[in-house]
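Residue-level listing of the chains:
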Amino acid sequence: MTDEGGAPRRGTYGVKLVRGPFVRLAPHPQACADDEEFLRFAEECRARGERLAADLFSGAGGLSLGLTEAGFRVVLAADLDPEAVETHRHHNPGLTLDCDLSQTANVERIAGLMKAAGVELLAGGPPCQPFSRAGRSLIRHQVRHGLRPAHDERRDLWRSFLEVIQLARPAAVIMENVPDMALDREMFILRTMVHELESVGYAVEERVVDTTRYGVPQFRQRLILVALRDGIAFDWPGEVPDRVSVWNAISDLPEVEGGWRPEGGADGWCDYQGPMTSFQRKMRQGVAPQDAAKVFDHITRPVREDDERAFDMMDASTRYSDLPADVKRYRDDIFDDKYKRLDEDDHSRTITAHIAKDGYWYIHPRQNRTLTVREAARLQTFPDWFRFAGPPSAAFRQIGNAVPPALGAELGRAVMTALDARRPAPYRTQDVAEALATWFDALENPALPWLRARTRWQVISAEMLLDRAAPDQVRFLWPLLARWEQPRDTVAGGDELIEMGSWIQREHRSRRLLELARSLAPCPERLDDDGIGSLQGVEASVRDLAVLAVATRGEDDAEEPVLVTKGIPRVAARFTGEHPERSNRMTAGRLAVARMIGDGANARRAHLGLVELAVSVCRPAEPACPRCPLNTVCREAAVRAASAGRASAVSP
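Residues numbered from 1 in each chain as written. Predicted model: local features only at pLDDT ≥ 70, side-chain atom pairs only at ≥ 80, totals over all residues. Heavy atoms only, no water.

Caption draft 1: Structural detail: the sheet that holds strand β7 (residues 221–229). Read across the open sheet, the seven strands follow the order β3-β2-β1-β4-β5-β7-β6; overall the sheet is mixed. Every other strand in the sheet has two partners, leaving β3 (95–98) and β6 (202–210) as the edge strands with one partner each. For this sheet the average axis-to-axis angle between neighbouring strands, irrespective of direction, equals 15 degrees. Here strand β1 (residues 51–56) pairs with strand β4 (residues 121–124) via four bridges, running parallel. By the bridge assignment, Asp55 is partnered in β4 with Ala123. Running at roughly 180 degrees to β4, helix α6 (residues 157–168) makes contact with β1, β4, β5 (172–177) and β6 of the sheet. (Pairing = 2+ DSSP bridges. Helix = DSSP H or I, 4+ residues; strand = E, 2+ residues; numbered from the N terminus. Axes fitted to C-alpha atoms, helices over the stretch in contact; angles between N-to-C directions. Contact = heavy atoms within 4.5 Å.)

Below you can see the structure in the form of structure tokens.
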């Protein structure tokens, strides 16, 4: 693929694309050419009482647009996609940089500009790559020992974002990312960022947000982290009352055939009759009066004859595998959802950058074609006056990578409210972790004594035989079971193990445990970090508990999975006062647990304390709140205490 001058463009595509029209966008009238001009412009903005923001990894500027609507002035941005930079520079004043934020010099330059300009809010969505165990170990060592990494010539982009914060110290931070960043087994990046931000004085909140709750006509979950300097509390914005469907969002856009292009190239338009819904009227706000009867960028790819026949056979419930063989071009056992017609009465599926390669996931609800650029922009809540630089494929890519402006606006307003209120946050993750770890260390008769086991085999044995056993049974049997530190020891005491199981009517469990011990006796190394993950015959939750309880490597090298079993999410929900709906329970539970244990020196013991707390104190019914080390900062405990006080006040 080449641009107008014949220069190669980055990226390849799996299907033929229509070239053009190529949209070229002039810089904003108040765009700055260099750092000195930028600093003068920022000073003028501050003199007018404007509150300044920066947007890193800004893309086309969806988050910038939302923050602008919320009342911030976005004066500084950076990205490495040339078309996205051109788009952002056209729509925003100040300085938009085309630069690589993995470079130390660029990190220091941007942090210096932010500090000198008085930027109050830093926003951005740094890409986050998975880490090897060695990489996690090095970063964890640096975090726990108060070290800072050397200024490498190149760095992971989330660490670049973190270093900009540490150098510039803005009053507020909004970080956006895909939920996968938080849902790996250790939640490593998120826990590290929270720990380091708290260490320099920020109060941190994080949540997986469903954008449909904020007026976006698209099911799109994003991980949002908000950090406010000086320990200021943040309250998440409330949901907007209206849900917007696909048809509510795009029904006013005129019918076009696949591959249609207007006369006039990038300046061409499609005739427009006017909006019909409140959402559509909002999308038309800001359109120039001379363009009131025009809609731009209402273009999409041509449609092959076989695809058009396939589209014609589909409704919103049709799967690719349901189509007859003569219209299929892909294997339906692999590509069962290769084609998807959007449901006009529901939200769109997530618009991703993949739409730049093909639009088969986004077939128009009524027309036999894929979405146009303008329709995709509408589903992301970009208004109709917003244009995207480059060819249609670049526009689709920018739209798919963007933060919906409607979400950015809600977050921006909530941050501004919090900064003005300056209410102190009730606790830090580090304080909660220290309280849990201290309580766990001092506990004399834990309900789960194997959380202090010497070997992972002891943990697995106890979980398989004694899980949910009565307290007196645990007290009697655990010392006997703990004698067998390795599988070979259990095999040698096999007859005694079977007898122990019969005492508590769990002989079937003891036989399963003995069978597992026999399989592991010749190869106990399978219980080490490299082998336990693939261990058969042991539930994943039990394996994770064994890894958490007993580290086979040094503290900084050891894995620390975040557990969501044994009632831990219940404790976290009570502590935070947030009880997620069933569809989001696992995700929200993991985030809540991570917020309680952090990633500092106390993290492992705090996590074990949380397990013990769930079993022995924070029980499903009649929790023993006065015995809880978190009683003074637990939201549900406060509610229970207030309720008890009211009941006492009205009793005779």
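Caption draft 2: Just the environment of Ala447, in detail. By secondary structure assignment, the location of Ala447 is in the loop between α15 (429–442) and α16 (456–466). For Ala447, the residues in contact, after removing those within four places along its chain, are Val474, Glu612, Val615 and Ser616.

Caption draft 3: Spotlight on the packing of aromatic side chains. Inspection of the entire model under this criterion finds 14 aromatic pairs. Geometrically, the ring pair formed by Phe234 and Trp236 is edge-to-face, given 5.1 Å between the ring centres and 80 degrees between the ring planes. Across the pair, Trp236 and Phe234 agree in class, each one buried. Between Tyr427 and Phe575, the ring centres sit 4.8 Å apart and the planes meet at 50 degrees, which makes this aromatic pair tilted. Of this pair, Tyr427 sits in the loop between α14 (405–421) and α15 while Phe575 is found in helix α23 (residues 568–576), placing the two residues 148 residues apart along the sequence. Comparing Tyr427 with Phe575, the two get one shared label, buried. (Phe/Tyr/Trp six-rings, centres within 6.5 Å; stacked < 30°, edge-to-face > 60°. Buried < 20%, exposed > 50% of the residue type's maximum accessible area, 1.4 Å probe, protein only.)

Caption draft 4: The arrangement of the nonpolar core in detail. Leu76, Ile110 and Ile460 are the most contacted members of the largest nonpolar core, which has 117 residues in total. Among the elements that take part in this core, α16 stands out by supplying seven residues, more than any other. Grouped together as the second largest cluster of nonpolar side chains are 31 residues, Val244, Val373, Ala376 and Ala377 included. (Core = buried A, V, L, I, M, F, W, Y, C linked by side-chain atoms within 4.5 Å.)

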